[in-house]
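Here's the letter readout for the chains.
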Amino acid sequence: MSSATSDSSGNSAAPDGGGRPSRYESQKRRDWNSFGQYLRNHRPPLELSRCSGAHVLEFLRYLDQFGKTKVHTAGCPFFGHPQPPAPCTCPLRQAWGSLDSLVGRLRAAFEEDGGQPEVNPFAARAVRLYLREVRDSQAKARGIAYEKKKRKRPPPSQQGFSPQAPVPAAATAAPLIGHGRSAADFIASSAYPHRLHGHLMLPPWIPAETMRR
């Protein structure tokens, strides 16, 4: 497990090379070792190549006994209360966020250990459905809503808006021509004395045909 990876929480792993492994890599290694120990203690012992999504669900339910998150039952007076005012006898469970991150690390570790993505038991549909069920049930029991962050969009007034290009100062002087003065008279005067290498430079708003009249 030496390649750089990241879980659903965005924690990145340390790239290949020497040095101390990142926190994500260290946690992923501990999780992978714990799952391997669980397979060895399984009755009968289970090989990784024969592991399926059902065995992953057994492992996740096994971890509930080490959970620290209070999940109220339907008969508890604090059911749906985000901050209960008193203790209760409801069981402790693994929080949904912890299980989701754990599955993400184990999914990456399985493939880094040589497993094929198409047979990854941690990516099984049954595991995804279980995590969704845990999320919804804990949200209802604890009164905590798990919602995806919606992408912020700019106000309608700013969509498709592009600032108007400034009008050249010479264009504002164009209407002066026509009040008793032709374009040739205007250029011949000192109002536009721009020359380059002895050649008279016409302003961009005066067509060249005007000087041929």
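What counts and how
Residues numbered from 1 in each chain as written. Predicted model: local features only at pLDDT ≥ 70, side-chain atom pairs only at ≥ 80, totals over all residues. Heavy atoms only, no water. Helix = DSSP H or I, 4+ residues; strand = E, 2+ residues; numbered from the N terminus. Buried < 20%, exposed > 50% of the residue type's maximum accessible area, 1.4 Å probe, protein only. Contact = heavy atoms within 4.5 Å. Areas by Shrake-Rupley, 256 points an atom, 1.4 Å probe, with all protein chains shown as cover. Expected span 1.5 Å × (residues − 1). Axes fitted to C-alpha atoms, helices over the stretch in contact; angles between N-to-C directions. Parallel < 35°, antiparallel > 145°, perpendicular 65-115°, else oblique. Left-handed = near helix turned anticlockwise from the far one by under 90°. Nonpolar A, V, L, I, M, F, W, Y, C, P; charged D, E, K, R; others polar. Core = buried A, V, L, I, M, F, W, Y, C linked by side-chain atoms within 4.5 Å. Phe/Tyr/Trp six-rings, centres within 6.5 Å; stacked < 30°, edge-to-face > 60°. Disulfide = S-S within 2.5 Å. Salt bridge = Lys/Arg side-chain N within 4 Å of Asp/Glu carboxyl O.

Engineer: Hey, could you run me through the overall build of the protein chain in this one?
Structural biologist: Regarding its fold elements, the protein chain presents six helices and four strands. Along the protein chain, helices (α) and strands (β) appear in the sequence α-α-β-β-α-α-α-α-β-β when read from the amino end. Residue burial in the protein chain is summarised as follows: out of 213 residues, 29% are buried. Long-range contacts, defined as pairs at least 24 residues apart, comprise 50% of the intrachain contacts of the protein chain with a sequence gap of at least 6. Within the structure as shown, the protein chain displays about 15100 Å² of accessible surface, and the carbon and sulfur contribution to it stands at 53%.

Engineer: Even after reading the chapter, I still don't get helix α3 (residues 96-112), so can you show me in this structure?
Structural biologist: In this model α3 runs 25 Å from its N-terminal to its C-terminal C-alpha over 17 residues, within 8% of the 24 Å that 1.5 Å per residue would give. The complete set of buried residues in α3 reads Trp96, Leu99, Ser101, Leu102, Val103, Gly104, Arg105, Leu106, Ala108, Ala109 and Phe110. Note on α3: the residue one or two positions beyond its end, Gly114, has a positive phi of about 105°.

Engineer: How should I be thinking about the packing of α3 against helix α4 (residues 125-142) in this particular structure?
Structural biologist: Two quantities define a packed helix pair, namely the angle between the helix axes and the distance between the axes. Look at α3 against α4: their axes get within 9 Å of each other, and the N-to-C directions meet at 160°. The pairing of α3 with α4 is recorded here as roughly antiparallel in orientation. Crossing of α3 over α4 shows left-handed handedness. Judged by residue contacts, Trp96, Leu99, Asp100 and Val103 of α3 engage Val127, Leu131, Val134, Arg135 and Gln138 from α4. Looking at the contact of α3 with α4 residue by residue, the class counts come to six nonpolar, one polar and two charged.

Engineer: Which parts of the structure should I look at to understand the nonpolar core?
Structural biologist: Taken as a class, soluble globular proteins show a tendency for nonpolar side chains to be buried jointly. Counting 23 residues, the largest nonpolar core has Trp32, Phe35, Phe59, Leu60, Leu106 and Phe122 as the members making the most contacts within it. Contributing elements (two or more residues each) for this core: α1 (23-41), α2 (53-63), α3 and α4. The biggest single contributor to this core is α3, with seven residues. If we skip the residues at most four places from it in the chain, Leu60 touches Leu99, Leu102, Val103 and Tyr130.

Engineer: Can you help me understand the environment of Leu92 in this one?
Structural biologist: Following the sequence through the fold, Leu92 ends up in strand β2 (residues 92-93). Once you skip the residues sitting within four places of it in the chain, Leu92 turns out to touch Asp64, Gly67, Lys68, Thr69 and Lys70.

Engineer: Help me understand the packing of aromatic side chains in this model?
Structural biologist: Centre-to-centre distance and the angle between the planes together describe a pair of aromatic rings. With the rule as written, the count across this model stands at nine aromatic pairs. On the numbers, 5.3 Å between centres and 40° between planes, the contact of Tyr38 with Tyr62 is tilted. Placement of the pair is Tyr38 in helix α1 and Tyr62 in helix α2, with a sequence separation of 24 residues. Note on Tyr62: relative accessible area 37%, which makes it partly exposed. Ring pairing ties together the aromatic residues Trp32, Phe35, Tyr38, Phe59, Tyr62, Phe66, Phe110 and Phe122, which thus form one cluster.

Engineer: Whenever I open this one, the state of the cysteines confuses me. Can you help?
Structural biologist: Two cysteines, two sulfur atoms, one covalent bond between them: this is a disulfide. Here the structure, examined in full by the defined rule, presents zero disulfides. Not engaged in a disulfide, the cysteine Cys76 finds its nearest cysteine sulfur in Cys90; these two sulfurs lie 3.6 Å apart.

Engineer: Sorry, what's going on with the environment of Ala74 here?
Structural biologist: Within the fold, Ala74 resides in the loop between β1 (69-70) and β2. Its relative accessible area of 71% is what places Ala74 among the exposed residues. For the pair Ala74 and Cys90, spaced 16 residues apart in sequence, the C-alpha to C-alpha distance is 9.8 Å.

Engineer: Explain the pattern of salt bridges to me, please; I cannot follow it from the model alone.
Structural biologist: Where side chains of opposite charge bring their charged atoms close, a pairing between them can arise. This model, assessed by the stated rule, comprises four salt bridges. Glu25 is the salt-bridge partner of Lys28, the closest N and O atoms lying 3.0 Å from each other. Residue Lys28 and its partner Glu25 are located together in helix α1, separated by three residues, close to a single helical turn. By relative accessible area, which is 0% here, Lys28 ends up buried. On the basis of relative accessibility, which here comes to 3%, the residue Glu25 falls in the buried class.

Engineer: How should unusual backbone geometry be read in this particular structure?
Structural biologist: Generally, phi is negative for residues other than glycine and the peptide bonds are trans, each holding for most cases. Residue Arg43 is joined to Pro44 through a cis peptide bond whose omega torsion reads -5°. Along the chain, Pro44 turns up in the loop between α1 and α2.

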